[in-house]
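# Results of the structural survey
This is what each chain is made of:
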Amino acid sequence: MSKSENLIQRLSNDYSEASQSERDLFAVKLSDGGWSIADGIGSDMTRDDEKELAGWHLPVRFDNEEAALLAIECGPHAMFDIKLSGVWAQHCITHGAVECGAYGAPWANE
């Protein structure tokens, strides 16, 4: 991990809102007010005995829920992957999201 990566204040998966799409992915609102796409509803809304199902979000930021939901609906038919180099993150960037280091999972560096 580089020195600059250590300085990034990473946001967790304790989403304040989660809207499920027809594709079983979620538009999620993070603590900074931005939106991303996740494969679960987050730690705050998941029962304690199901925390491993809370999911995680892409390292990309949308300005609003509608943009995230639209990106899900027209998204690739590929396995959901939270790496920046993954097909889902790259799809989102081409559909209006911006890369956001603070949204990256600490274990998914790329």
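Scroll up to find the structure this text is about.
The following paragraphs examine the structure supplied in this document.

What counts and how
Residues numbered from 1 in each chain as written. Predicted model: local features only at pLDDT ≥ 70, side-chain atom pairs only at ≥ 80, totals over all residues. Heavy atoms only, no water. Pairing = 2+ DSSP bridges. Helix = DSSP H or I, 4+ residues; strand = E, 2+ residues; numbered from the N terminus. Axes fitted to C-alpha atoms, helices over the stretch in contact; angles between N-to-C directions. Contact = heavy atoms within 4.5 Å. Core = buried A, V, L, I, M, F, W, Y, C linked by side-chain atoms within 4.5 Å. Buried < 20%, exposed > 50% of the residue type's maximum accessible area, 1.4 Å probe, protein only. Polar contact = N/O pair within 3.5 Å; in protein donor to acceptor, adjacent residues only side chain to side chain.

Now for the pairing of strand β2 (residues 26-29). Look at any regular strand and the pattern is simple: side chains alternate between the two faces of the sheet. Inspection of the sheet shows strand β1 (residues 17-20) paired to β2 by four bridges, in the antiparallel sense. Looking across to β2, one finds that Ser19 is bridged to Ala27. Taking the residues that link successive antiparallel strands as the turn, the β1-β2 hairpin has five residues, and the phi of Asp24 there is positive, at about 65°. Relative to strand β3 (residues 35-38), β2 runs antiparallel, the two sharing four bridges. Its bridge partner being in β3, Ala27 is matched across the sheet by Ile37.

In this section: the sheet that holds β3. Strand order in the open sheet formed by three strands is β1-β2-β3, and the pairing between neighbours is antiparallel. Whereas interior strands pair on both sides, the edge strands pair on one side only; in this sheet they are β1 and β3. Ignoring strand direction, the axes of neighbouring strands in this sheet form an average angle of 25°. The strands touched by helix α2 (residues 65-73) within the sheet are β1, β2 and β3, with β3 carrying the most contacts at an inclination of about 30°.

It is worth spelling out the nonpolar core at this point. Residues Ile37, Leu58, Val60, Phe62, Phe80 and Cys92 are the most contacted members of the largest nonpolar core, which totals 20 residues. Sorting the residues of this core by element identifies β3, α2 and α3 (87-94) as the ones contributing at least two each. Leu58 has contacts with Ser36, Ile37, Phe80, Asp81, Ile82, Trp88, Ala89, Cys92 and Tyr103, leaving out every residue within four places of it along the chain. Counting nine residues, the second largest nonpolar core, distinct from the first, contains Phe26, Cys100, Ala102 and Tyr103.

Checked against the element boundaries, Ser19 lands in strand β1. At 2.2 Å, the side chain of Ser19 and the side chain of Glu65 are in polar contact. Apart from residues no more than four positions distant in its own chain, Ser19 is found in contact with Leu25, Phe26, Ala27, Glu65 and Leu69.

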